[in-house]
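# Descriptive structure summary
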Amino acid sequence: VQLVESGGGLAQPGGSLRLSCAASGFTFSSYFMSWYRQAPGKERELVAGINSAGGNTMYADSVKGRFTISRDNAKNTVYLQMNSLKPEDTAVYYCNAKGPPRWIPHWGQGTQVTVSS
């Protein structure tokens, strides 16, 4: 299993970024995919998740209405569109995959998102 995140960087408050996670080494279309983040000194937290077919999504309350998770099973890629960014969104963002048969979570290396003026 390999997960490679990209798209992080520096954004101004109110700005947007789009994260991508390219997956390989497993049957992507069978896996639940999610994004987590970890800010300095804080625990890693779930940001958003999407089921294998892409029809069901969930979001942390802190990002509802601002972030959108989506996936393209033909491209083995999951995305996180982040709008109206706030300084408190600053964190390392991680892609996570889990699926049958053992539902063991797999992690990417993370991508840094910094929101600052």
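Before reading on, note that the structure itself is shown above.
Rules behind the numbers
Residues numbered from 1 in each chain as written. Predicted model: local features only at pLDDT ≥ 70, side-chain atom pairs only at ≥ 80, totals over all residues. Heavy atoms only, no water. Phe/Tyr/Trp six-rings, centres within 6.5 Å; stacked < 30°, edge-to-face > 60°. Buried < 20%, exposed > 50% of the residue type's maximum accessible area, 1.4 Å probe, protein only. Lys NZ or Arg CZ within 6 Å of the ring centre and 35° of its normal. Helix = DSSP H or I, 4+ residues; strand = E, 2+ residues; numbered from the N terminus. Contact = heavy atoms within 4.5 Å. Pairing = 2+ DSSP bridges.

## Observations concerning the packing of aromatic side chains
- Summed over all chains, the structure comprises 4 aromatic pairs.
- Seen from their ring centres, Phe26 and Phe28 are 6.3 Å apart, and the 50° between their planes marks the pair as tilted. The same class applies to Phe26 as to Phe28, namely buried.
- On the basis of an interplanar angle of 50° and a centroid distance of 4.5 Å, the ring pair of Phe26 and Tyr31 is categorised as tilted.
- Sitting over the ring of Tyr94, Arg44 keeps its end group 3.7 Å from the ring centre.

## Section: the environment of Gly49
- Looking at where Gly49 falls in the secondary structure, it is placed in strand β5 (residues 45-50).
- Along the primary structure Gly49 and Asp61 are separated by 12 residues, whereas in three dimensions their C-alpha atoms are 13 Å apart.
- Discounting residues that sit within four places of it in the chain, Gly49 has contacts with Phe32, Met33, Ser34, Asn56, Thr57, Met58 and Ile69.

## Notes on the pairing of strand β4 (residues 32-38)
- For β4, the tally of buried residues reaches 5 of 7 residues, placing the bulk of the element in the interior.
- Relative to strand β9 (residues 91-98), β4 runs antiparallel, the two being bridged by 7 bridges. Within β9, the residue paired with Tyr36 across the bridge is Tyr94.
- The pairing of β4 with β5 spans 5 bridges and is classified as antiparallel. Within β5, the residue paired with Tyr36 across the bridge is Leu46.

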